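Results of the structural survey
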Amino acid sequence: MSETTTSPVPTAPARGRGGLRVALRVVQVLLALFFAVASALPKLIAHSSAADTFAEMGWGDAGMYAIGVLELTGAVALLVPVLQSVAATALSALMVGAFVVQLSYFDGANAATPLILMVPLLIVARARRGHNEELRRLLRDRVRRG
């Protein structure tokens, strides 16, 4: 008589997915920190590095504060599960604008930075896209109520 042995269900893929979720969350936190601290903060406090750049472009304080608010809002939204895909997409669009600005106003100096930032942003947007349906449902319910 032969014995049939059953092997346990492999757990590596589940652990792998969990590890990927953690890695993606770490990337989101790092992006949020970058956009909040390194990018938005200098604009929102009118640090000379940001103020001089926006003055050189002719955008002035209003443009500087507007971009700073958009970056800070995106940074916070990257950490809110229902908003993270939309936030990553919006920040990617902002990076397209930053790339164009770098090419047109500054002869391409630092033009690679927005493109480099777009890579993890687009990965987050795609990986977290499942939350978009939940966001649509919340918005639809909100509109129906009032």
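Now for a look at the structure at hand. (Residues numbered from 1 in each chain as written. Predicted model: local features only at pLDDT ≥ 70, side-chain atom pairs only at ≥ 80, totals over all residues. Heavy atoms only, no water.)

1. Points about the overall build of the protein chain
- A count of helices and strands for the protein chain gives six helices and zero strands.
- Start at the N end of the protein chain and walk to the C end: the helices and strands fall as α-α-α-α-α-α.
- When burial is assessed residue by residue, the protein chain has 30% of its 146 residues classed as buried.
- Excluding contacts between residues fewer than 6 apart, the proportion of contacts in the protein chain whose partners are at least 24 apart in sequence is 65%.
- In the form shown here, the protein chain has an accessible surface area of approximately 9500 Å², with 66% of it arising from carbon and sulfur atoms. (Helix = DSSP H or I, 4+ residues; strand = E, 2+ residues; numbered from the N terminus. Buried < 20%, exposed > 50% of the residue type's maximum accessible area, 1.4 Å probe, protein only. Contact = heavy atoms within 4.5 Å. Areas by Shrake-Rupley, 256 points an atom, 1.4 Å probe, with all protein chains shown as cover.)

2. Description of the pattern of salt bridges
- Applying the stated criterion across every chain, the model contains four salt bridges.
- For Arg-140, the salt bridge identified is with Glu-133, shortest N-O distance 3.7 Å.
- Take Arg-140: its relative accessible area is 35%, and that puts it in the partly exposed class.
- The salt bridge involving Arg-137 is made with Asp-141; its shortest N-O contact spans 3.7 Å. (Salt bridge = Lys/Arg side-chain N within 4 Å of Asp/Glu carboxyl O.)

3. A look at the packing of helix α3 (residues 60–77) against helix α4 (residues 84–105)
- Two elements in contact, α3 and α4, have axes separated by 8 Å at closest approach and are oriented at 150°. As far as their axial angle goes, α4 and α3 are roughly antiparallel. Crossing of α3 against α4: the hand is left-handed. Between α3, through Ile-67, Leu-70, Glu-71, Gly-74, Ala-75 and Ala-77, and α4, the contact on the second element is made entirely by Gln-84, Ala-87, Leu-91 and Leu-94.
- Here the contact of α3 with α4 is built from residues that sort into seven nonpolar, two polar and one charged. (Axes fitted to C-alpha atoms, helices over the stretch in contact; angles between N-to-C directions. Parallel < 35°, antiparallel > 145°, perpendicular 65-115°, else oblique. Left-handed = near helix turned anticlockwise from the far one by under 90°. Nonpolar A, V, L, I, M, F, W, Y, C, P; charged D, E, K, R; others polar.)

4. Examining helix α5 (residues 112–127)
- Taking 1.5 Å as the rise per residue, α5 with 16 residues should run 22 Å; its terminal C-alpha atoms sit 23 Å apart, in good agreement.
- Buried residues of α5: Pro-114, Leu-117, Met-118, Leu-121, Val-124 and Ala-125, and no others. (Expected span 1.5 Å × (residues − 1).)

5. Thoughts on the packing of aromatic side chains
- Enumeration according to the criterion identifies four aromatic pairs in this entry.
- Seen from their ring centres, Phe-34 and Phe-35 are 5.4 Å apart, and the 80° between their planes marks the pair as edge-to-face.
- An aromatic cluster of at least three residues, connected via ring pairs, comprises Phe-54, Trp-59, Tyr-105 and Phe-106. (Phe/Tyr/Trp six-rings, centres within 6.5 Å; stacked < 30°, edge-to-face > 60°.)

6. A closer look at a nonpolar patch on the surface
- The grouping of Val-22, Val-26, Val-29, Leu-30, Leu-33, Val-37, Leu-41, Ile-45 and Leu-79 at the surface amounts to a nonpolar patch, some 780 Å² of accessible area in total.
- Residue classification places Val-22 among the exposed positions, given a relative accessible area of 52%. (Patch = residues over 30% accessible without salt bridge, like charges linked within 9 Å, V, L, I, M, F, W, Y side chains within 5 Å.)

7. Some details on the packing of α4 against α5
- Where α4 contacts α5, the axes come no closer than 8 Å and their chain directions differ by 160°. By the angle between their directions, the pair α4 and α5 is classed as roughly antiparallel. Between α4 and α5 lies a crossing whose hand is left-handed. Note on element contacts: α5 touches α4 through Pro-114, Leu-115, Leu-117, Met-118, Leu-121, Leu-122, Val-124 and Ala-125, opposite Gln-84, Ser-85, Ala-88, Thr-89, Leu-91, Ser-92, Met-95, Val-96, Ala-98 and Phe-99.
- When its residues are assigned to classes, the contact of α4 with α5 shows 14 nonpolar, four polar and no charged.

8. Describing the environment of Leu-78
- Locating Leu-78 in the fold gives a position in the loop between α3 and α4.
- What makes Leu-78 buried here is its relative accessible area of 0%.
- Sequence separation of Leu-78 and Ala-125 is 47 residues, and the distance between their C-alpha atoms is 9.5 Å.
- Apart from the residues within four sequence positions on either side, Leu-78 is in contact with Arg-25, Gln-28, Leu-31, Ala-32, Gln-84, Ala-87, Ala-88, Leu-91, Leu-121 and Val-124.

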